[in-house]
Amino acid sequence: MRTLLIVLLTVFAFSSNAQFEWPNGAKAAVVFTYDDGLDCHLDIAVPQLDEFGLKGTFFCTGKSPSLYNRTEEWRAITKRGHELGNHTLFHPCDGTGRDWVKPEYDLRTYTPEQIVAELKTANTLLKAVDGNTERSYGYTCGHFVANGVDFTDSIKSIFVAARCDGPIPETMDGYKTWKTPSYTSVDPDINDLIAQVEEAKANGTIVVFMFHSVGGGYLNTATDVHKKLLQYVSENSDDLYSDSFINVMKYVKENQ
Ligand SMILES: [Zn+2]
């Protein structure tokens with residue numbers, strides 16, 4: 001009996017400490033995501049990603065003026081392996097402490113049915129741009145509650161995965177592909193960003209970066225800092241697996 005217990009404890013210890021296996025023996029995954037469909041994504045982020053052969057995921061709202069004005073350019077980047085992700089039509093958020101949230105776009109008064117209908121409509125819009133029928137989602141403001149109800153379960157049939165916020169995971173055990181943690185920082189230092197990558201590497205897990213403006217604007221990341229991060233990931237590609245959010249999430253789901 002005692003031997004059996006020891007065997008079971010050993011098996012449990014091994015299974016909970018088993019390292020998640022990333023492709024090609026990589027030690028961690030790195031994902032670059034960009035929110036709100038901004039011109040600087042097309043003008044700065046994409047050219048830098050292309051320079052290093054890296055892929056980005058662009059969580060674009062339906063109301064993005066850039067998506068309206070430069071539709072062909074957004075379509076073209078998806079042909080090069082970048083991803084257009086769903087970020088709603090109108091960018092509703094919980095307005096608590098957010099003066100900029102208009103009453104009609106406040107998730108506190110949206111119904112769950114309303115946000116799901118908006119997300120489906122945004123999927124139709126993005127499909128018209130890139131032709132894709134599989135899509136990932138970036139929760140606006142990281143919020144997943146409408147009118148007091150967590151609507152996460154209602155979106156599982158229309159998305160592959162969804163990005164939320166939170167710290168670098170310590171383990172891939174129990175990794176939530178419907179509320180993935182992501183890292184965001186305003187005017188970050190390059191050392192700060194590299195530290196996130198190194199933490200993911202030490203843990204054998206993943207860092208999902210959430211950027212907004214690149215090269216000037218709100219929640220900004222400086223052009224050279226962004227470039228240095230891409231260069232670092234590119235130079236350490238033996239250790240770091242990087243792809244679009246949807247592709248990395250598919251890999252995680254298949255190997256969890
Ligand atoms: Zn946003």
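Here, the structure is the one placed above.
Residues numbered from 1 in each chain as written. Predicted model: local features only at pLDDT ≥ 70, side-chain atom pairs only at ≥ 80, totals over all residues.

**Quick look at the overall build of the chain**
Move 1: Each helix and strand counted, the chain has eight helices and nine strands in total.
Move 2: In terms of C-alpha radius of gyration, the chain reaches 19 Å, essentially the compact-globule figure of 18 Å for 256 residues.
Move 3: Overall, the C-alpha framework of the chain stretches about 65 × 45 × 35 Å when taken along its three principal axes.
Move 4: When the 256 residues of the chain are sorted by exposure, 38% land in the buried category.
Move 5: Taking the contacts inside the chain whose residues are at least 6 apart along the sequence as the reference set, 76% of them involve residues at least 24 apart. (Helix = DSSP H or I, 4+ residues; strand = E, 2+ residues; numbered from the N terminus. Rg over C-alpha atoms; globule rule 2.2 N^0.38 Å. Buried ≥ 20, exposed ≤ 12 C-beta atoms within 10 Å, placed from the backbone. Contact = placed C-beta atoms within 7 Å.)

**Let's talk about the pairing of strand 1 (residues 28-35)**
Move 1: Most of strand 1 is tucked away: eight of the eight residues are buried.
Move 2: In strand 1, alternate side chains face the same way, and those of Ala 28, Val 30, Phe 32 and Tyr 34 on one face and Ala 29, Val 31, Thr 33 and Asp 35 on the other are all buried.
Move 3: Taken together, the three bridges between strand 1 and strand 9 (residues 240-242) define a ladder with parallel strand orientation. Each bridged residue has a counterpart across the sheet, and for Ala 28 the counterpart in strand 9 is Leu 240.
Move 4: Sheet topology note: the strand 1/strand 8 (residues 206-211) ladder contains six bridges and is parallel. Bridged to Ala 29 within strand 8 is Ile 206.
Move 5: Sheet topology places strand 1 next to strand 2 (residues 56-60); four bridges connect them, and they run parallel. Within strand 2, the position partnered with Thr 33 by the bridge is Thr 57. (Pairing = 2+ DSSP bridges.)

**Digging into unusual backbone geometry**
Move 1: The residue Cys 141 is not glycine, and still its phi comes out positive at about 60 degrees.
Move 2: Within the secondary structure layout, Cys 141 lies in the loop between strand 4 (137-138) and strand 5 (145-146).
Move 3: Positive phi, normally seen in glycine, also occurs at Asn 147, with a value near 55 degrees.
Move 4: For Asn 147, the position within the fold is in the loop between strand 5 and strand 6 (149-150).
Move 5: Residue Asn 147 is classed as partly exposed on the basis of its C-beta count, with 15 C-beta atoms lying within 10 Å.

**Points about helix 8 (residues 245-255)**
Owing to its 3.6 residues per turn, the α-helix brings residues three or four apart onto one side.
Move 1: Buried within helix 8 are the following residues: Phe 245, Ile 246, Val 248 and Met 249. On an axial view of helix 8, the arc spanned by its buried residues comes to 160 degrees, and they lie on one face. In helix 8, the exposed positions that point more than 90 degrees away from the buried face belong to Glu 254 and Asn 255.
Move 2: Buried residues along helix 8 sit in contact with strand 1, strand 2, strand 3 (83-86), strand 7 (162-163) and strand 8. (Arc of directions from axis to C-beta.)

**As for helix 2 (residues 39-51)**
Move 1: For helix 2, which comprises 13 residues, the first-to-last C-alpha distance of 18 Å matches the rise-based estimate of 18 Å (1.5 Å per residue) to within 8%.
Move 2: Ala 45 marks where helix 2 bends most, by close to 35 degrees; the proline Pro 47 follows one to four residues later.
Move 3: Burial in helix 2 covers these residues: Cys 40, His 41, Ala 45, Val 46, Gln 48 and Leu 49.
Move 4: Of the surrounding secondary structure, the elements contacted by the buried residues of helix 2 are strand 1, strand 2, helix 4 (71-79) and helix 7 (223-235).
Move 5: Among the residues trailing helix 2, Gly 53 stands out with phi positive, at a value near 70 degrees. (Expected span 1.5 Å × (residues − 1). Bend = angle between axes of the 7 residues up to and from the residue.)

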